[in-house]
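# Observations on chain architecture
Each chain, written out:
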Amino acid sequence: MLRRKQIILGSLIVLLASEFAYASGSPPQTQEPAATKDRPLIEVDLHKFADANWNPTNGNTPGGTLGSAIYFADGTSLVWSWLTRDNAPSPWSKDVSPPPQPAHLHAVRLDALTGEERAQQDWSLSSSAVRYELVQNGNFLTCIDNKIRLFSGEFQLLREVELAPPGICSRLVYLAVCGVSPSRRSILVSSISRQERISEILDTRALTAISTANEDKSVTITAISDHWLVGLCGNPWEVCIRKVDGSWKAFRFAGPENQPTCVLGRAYFVNDETVLICRLNEMATANVDGSVIFRVNLPKDRSCENSLPATSSEGGRFAMMENRQLGIDEFFDMGPFWTDDRILVYDVSEQRAVFAVKVNGASQWPSSRTHSNEFALSPDGKRLAVVSDGILNVYKLPDRQAAR
């Protein structure tokens, strides 16, 4: 009996020692942060800058808001921009090209620490098909009609270039995609016609071409960095990647025994050589060679592929919207759809989420209000700006942990 007890005790000691050795050799398991209850650094009602030009509830009325966005120009200033239509939309059929829809683009630059206005500008447009982005050095870039214009942080015109046909800023022949690199040094201009699909990458300071390519019509570009492009290729689609001066190839995760696996979902860039993959129930970051940096299993019926991520230009952090799927409502004959749920900030070096903000999204009830949410990350990754229904909140993010 004593011998049997000694054997059992010895086995338990060996088992516990093995478990301890496994745990100490495994990466630490960190808990996902709870939604913040911290007060924001500032809270600003942006409606006071928009006056009568802010009507997000009905984009079909004169003065209705067609879209808005928030950007960090630098670590201490923000740009909020919004697009409004001048007139009610004209009726048109699918057999006839829609007439131009006159509009106005508005932008205001704010102090990110006080919320005070620094500069404001309005542009009159012949069409509501306009593209606008914050680029390097806090400059503001627009594509209106057939011209790309670069403005300073005070909205003074610095430079402009005219696009070669058929490159005009129209929804019919001009594709405005997620086309600014995380560093904001490069921007993608894609011109589409029935005969060809041209992708051109411009330097955002000189507005000169870095590269030009005639893309295969089976490729949809989803993001660029300064040296790479990612997109969706083939039928059925899967993620693909190419160098700026290279050819498209399938993007594969390195699997067990170096057996690569195909990658589905939607791809973006966190920095020049780090790819973010968003898909149902999973978020992953990987190097451009397919080696996985870290993966996160999202809760059931959650995804991050329905909105664009925000990145810090120094490349260490990114923010993304986590969407929640609402179920089928048989009474109203409504299928499942996605709604905004929370914004998460991830740190690449820490391989985890470091901050979370809960937001309101769409409701499954037809009579309920649909909430609008926008967010941006400061270039140094130290602040997060969130605009919900025209109210701006700026949050201080946790300090980075020392490298392990």
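## Digging into the pairing of strand S30 (residues 383–388)
In terms of burial, S30 is a largely internal element, five of the six residues being buried. Where strand S29 (residues 373–377) and S30 come together, five bridges link them in antiparallel fashion. When the sheet's bridge partners are listed, leucine 377 is paired in S30 with leucine 384. Connecting the antiparallel pair S29 and S30 is a turn made up of five residues, with glycine 381 showing a positive phi of about 70°. Of the pairings in the sheet, the one linking S30 to strand S31 (residues 391–396) comprises six bridges and is antiparallel in character. Looking at S31, one finds that serine 388 is bridged to isoleucine 391.

## Structural notes on the state of the cysteines
Under the definition given, this model contains two disulfides. Between the sulfur of cysteine 233 and that of cysteine 240 lies a disulfide, 1.8 Å long from S to S. What sets the handedness of the cysteine 233 and cysteine 240 disulfide is the S-S torsion sign, and at about 70° it is right-handed. There is no split in this pair, since cysteine 233 and cysteine 240 are both buried. At a sulfur-sulfur separation of 2.3 Å, the disulfide partner of cysteine 278 is cysteine 304. Classification of the bridge connecting cysteine 278 and cysteine 304 rests on its S-S torsion, roughly -110°, and on that basis the disulfide is left-handed. Here cysteine 278 is found in strand S21 (residues 274–279), whereas its partner cysteine 304 is found in the loop between strand S24 (302–303) and strand S25 (310–311), with 26 residues between them in sequence. Among the residues examined, cysteine 278 registers a relative accessible area of 1% and is labelled buried.

## Quick word on the sheet that holds strand S23 (residues 292–297)
Strand order in this open sheet of four strands is S20-S21-S22-S23, and the pairing throughout is antiparallel. Two strands in the sheet have a free side with no partner beyond their single neighbour: strand S20 (266–271) and S23. If you compare each strand with its neighbour and ignore which way they point, the axes differ by 20° on average. Relative to S21, S20 runs antiparallel, the two being bridged by five bridges. Considered in S21, the bridge of arginine 266 is made with cysteine 278.

## Some words on the pairing of strand S28 (residues 352–358)
Along any regular strand the residues' side chains alternate between the sheet's two faces. Across the seven residues of S28, five count as buried, placing the element largely inside the fold. Where strand S27 (residues 337–347) and S28 come together, six bridges link them in antiparallel fashion. Directly across from valine 345, in S28, lies its bridge partner phenylalanine 355. What sits between the antiparallel neighbours S27 and S28 is a turn of four residues, in which glutamine 351 has the positive phi angle 60°.

## Points about the nonpolar core
Side chains of a nonpolar character, in soluble globular proteins, are inclined to be buried together. Among the nonpolar cores identified, the biggest contains 32 residues, and Phe251, Val275, Ile277, Met283, Phe318, Met320 and Tyr346 are the most heavily contacted of them. Beyond its immediate chain neighbours, meaning those up to four positions away, tyrosine 346 contacts Met283, Phe294, Val296, Gly316, Arg317, Phe318, Met320, Arg352 and Ala353.

## Digging into the confidence of the model for the protein chain
The predicted model of the protein chain averages 81 in pLDDT, with 77% of residues at 70 or higher. Confidence drops under a pLDDT of 50 for residues 1–30, and excluding neighbours within four residues, the segment shows two contacts in the predicted structure. Counting contacts from residues 171–177, a segment whose pLDDT is below 50, to residues more than four positions away or on other chains yields 23 contacts.

## Some thoughts on unusual backbone geometry
Look at the link from asparagine 235 to proline 236: it is a cis peptide, with omega at 5°. Along the chain, proline 236 turns up in the loop between strand S15 (228–233) and strand S16 (238–243). In this structure, arginine 184 is a non-glycine residue whose phi angle is positive, near 70°. Looking at where arginine 184 falls in the secondary structure, it is placed in the loop between strand S10 (174–175) and strand S11 (186–192). Within the chain, leucine 207 stands out as a residue other than glycine whose phi angle is a positive 60°. Tracing the backbone shows leucine 207 in the loop between strand S12 (197–203) and strand S13 (209–214). Note on leucine 207: relative accessible area 5%, which makes it buried.

## A word on the pattern of salt bridges
Going through the model one piece at a time under the given rule, you end up with 21 salt bridges. When the shortest N-O distance is used, the salt bridge between glutamate 282 and arginine 279 registers 2.6 Å. Taken as a pair, glutamate 282 and arginine 279 share a single burial class, namely buried. Note that aspartate 341 is salt-bridged to lysine 358, the shortest N-O span being 3.4 Å. Remark: lysine 358 occurs in strand S28 and aspartate 341 occurs in strand S27; sequence separation between them is 17 residues. Within the structure, one salt-bridge network assembled from shared partners comprises Arg302, Glu322, Arg324, Asp341, Arg342 and Lys358.

## What about the side chain of aspartate 341?
Accessibility expressed as a relative area gives 5% for aspartate 341, which makes it buried. At 3.1 Å, the side chain of aspartate 341 and the side chain of arginine 302 are in polar contact. Beyond its immediate sequence surroundings of up to four residues, aspartate 341 is in contact with Arg302, Met321, Glu322, Asn323, Arg324, Val357, Lys358 and Val359.

## Comments concerning the sheet that holds S16
As summarised here, the arrangement of the four strands in space is S14-S15-S16-S17, forming an open sheet in which the pairing is antiparallel. Edge positions in the open sheet fall to strand S14 (220–224) and strand S17 (249–250), since each of these has one partner strand only. Taken together, the six bridges between S15 and S16 define a ladder with antiparallel strand orientation. By the bridge assignment, glycine 231 is partnered in S16 with cysteine 240.

Cut-offs and rules
- Position numbers for residues start from 1 in each chain and track the written sequence from start to end.
- For this predicted model, a pLDDT threshold of at least 70 governs which residues receive local features, and a threshold of 80 or more governs which side-chain atom pairs are given and counted, while totals over whole chains, interfaces and linings are taken from all residues.
- The side-chain quantities take in all heavy atoms of the structure and omit both hydrogens and water.
- Exposure categories follow from relative accessible area, calculated using a 1.4 Å probe and restricted to protein chains: below 20% of the type maximum is buried, above 50% is exposed, and the middle band is partly exposed.
- The way it works is that DSSP assigns letters per residue, a run of H or I at least four long becomes a helix, a run of E at least two long becomes a strand, and they are numbered from the N terminus.
- At least two bridges found by DSSP between two strands are what make those strands a pair.
- The term disulfide is used for any two cysteine sulfur atoms that are within 2.5 Å.
- Inter-axis angles, ranging from 0 to 180 degrees, are taken between N-to-C directions of lines fitted to C-alpha atoms, where helices are fitted over the stretch in contact.
- Only buried residues count toward a nonpolar core. Its members are Ala, Val, Leu, Ile, Met, Phe, Trp, Tyr and Cys residues joined through side-chain atoms within 4.5 Å.
- By definition, residues are in contact when any of their heavy atoms lie within 4.5 Å.
- A score between 0 and 100, pLDDT records how confident the predictor is in each residue.
- Note on definitions: salt bridges are taken to be side-chain nitrogens of Lys or Arg within 4 Å of carboxyl oxygens of Asp or Glu.
- Counted as a polar contact is a pair of N or O atoms within 3.5 Å, where, for protein atoms, one must be capable of donating a hydrogen and the other of accepting one, and residues adjacent in sequence contribute only when both atoms are in side chains.

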